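# Structural overview for review
The lines below spell out each chain.
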Amino acid sequence: MHATTTDLMIDARQIHKSFGHLEVLKGVDLQVKPSEVVAIIGSSGSGKSTLLRCLNHLETIHSGSIAIEGDYLVRQDENRQSRYAPDKDIKRICAKIGMVFQQFNLFPHMTVLQNIIEAPITVKKQNKNDIIPLAQNLLNKVGLAEKQDCYPSQLSGGQKQRVAIARALAMQPDIMLFDEPTSALDPELTGEVLKTMQKLAEDKMTMVVVTHEMGFAREVADTVLFMDSGVVLERNHARDFFANPEHKRTQAFLSAMLK
């Protein structure tokens, strides 16, 4: 039996997105259940990051529908035109989603703690004294409690990315999106970020992760999607996906990645 939209954290259907004449997403479906970790893999230019950016309204779609926890961000009308929700509803729906990017985008003139508390104070109008203990708890969670008074320039790339994760979590989202969070890191720093993400998965955070880290996809993800040229060519439970990829293109990709 198919899950209904209200059973799903994310229900994206028939997503089409173009940049000029280039069609980047060609009818992509993505359903994510509560506490599920979905890894999206594929070559550069396959549409993975664009799909992620459509889910939290950083990009607008041309057709299709996206519902977040049963609330429609965008849906198709009777003429098959995509209609977005009113701005105030978009803001409310997108507040359920946290996102971590390839680049850390920390404010260089703010300490680690200030970076984390900035959005809850300015966007959610939370009291500074209320949010500081949460921020300190999140820093402890990502293994950086002792760095709260440091500036980004004093941190390694891996530490900056873990601060970026804590910053996204400070908004208390229900869903976390990760767009190749380790691609800007040296290999020896990648592990500490992946370990932090694994802890989130163990804490039952719903996550969608665009990644080139096949070990993470195999060991931590529940479901793996393989995208190629703007379509989802294959999706399966992680164990079955890696043990028995069905599509020739998937086989070739995994063969190259797992050499």
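Use the structure listed above.
My aim in this report is to walk through the structure given alongside it, one point at a time. Given the structure is predicted, the values throughout are model-derived calculations rather than measurements.

Each helix and strand counted, the protein chain has nine helices and eleven strands in total. Over its C-alpha atoms the protein chain spans a radius of gyration of 18 Å, differing by no more than 12% from the 18 Å that the globule rule assigns to 259 residues. On the principal axes, the C-alpha backbone points of the protein chain span a range of 50 × 50 × 40 Å. Taking all 259 residues of the protein chain together, 51% fall into the buried category.

The relative placement of two packed helices is expressed as an angle between their axes plus a distance between the axes. For the pair helix H5 (residues 157-169) and helix H6 (residues 187-202), the least separation of the axes is 8 Å and the interaxial angle reads 20 degrees. Judged on the interaxial angle alone, H6 and H5 are roughly parallel. Handedness of the crossing formed by H5 with H6: right-handed. Contacts between H5 and H6 involve Gly-157, Gly-158, Gln-159, Gln-161, Arg-162, Ile-165 and Leu-169 from the first element and Leu-189, Glu-192, Val-193, Thr-196, Met-197 and Leu-200 from the second. When the residues that make up the contact of H5 with H6 are grouped by side-chain class, the tally is six nonpolar, five polar and two charged.

Our focus in this paragraph is the sheet that holds strand E1 (residues 10-19). The antiparallel open sheet is built from five strands, whose spatial order is E2-E1-E4-E5-E6. Of all the strands in the sheet, just strand E2 (22-32) and strand E6 (82-84) have a single pairing partner and so form its edges. Ignoring strand direction, the axes of neighbouring strands in this sheet form an average angle of 20 degrees. Bridge count for strand E4 (residues 63-68) against strand E5 (residues 71-76) is three bridges, and the pairing is antiparallel. Counted as the bridge partner of Ala-67 is Tyr-72 from E5. The sheet strands contacting helix H1 (residues 48-55) are E1, E2, E4 and E5, and the helix crosses E2 at an angle near 60 degrees. In the packing of helix H2 (residues 87-94) onto the sheet, contacts are made with E4, E5 and E6, and the angle to E5 comes to roughly 125 degrees.

Cut-offs applied
- Residues numbered from 1 in each chain as written.
- Predicted model: local features only at pLDDT ≥ 70, side-chain atom pairs only at ≥ 80, totals over all residues.
- Heavy atoms only, no water.
- Helix = DSSP H or I, 4+ residues; strand = E, 2+ residues; numbered from the N terminus.
- Rg over C-alpha atoms; globule rule 2.2 N^0.38 Å.
- Buried < 20%, exposed > 50% of the residue type's maximum accessible area, 1.4 Å probe, protein only.
- Axes fitted to C-alpha atoms, helices over the stretch in contact; angles between N-to-C directions.
- Parallel < 35°, antiparallel > 145°, perpendicular 65-115°, else oblique.
- Left-handed = near helix turned anticlockwise from the far one by under 90°.
- Contact = heavy atoms within 4.5 Å.
- Nonpolar A, V, L, I, M, F, W, Y, C, P; charged D, E, K, R; others polar.
- Pairing = 2+ DSSP bridges.

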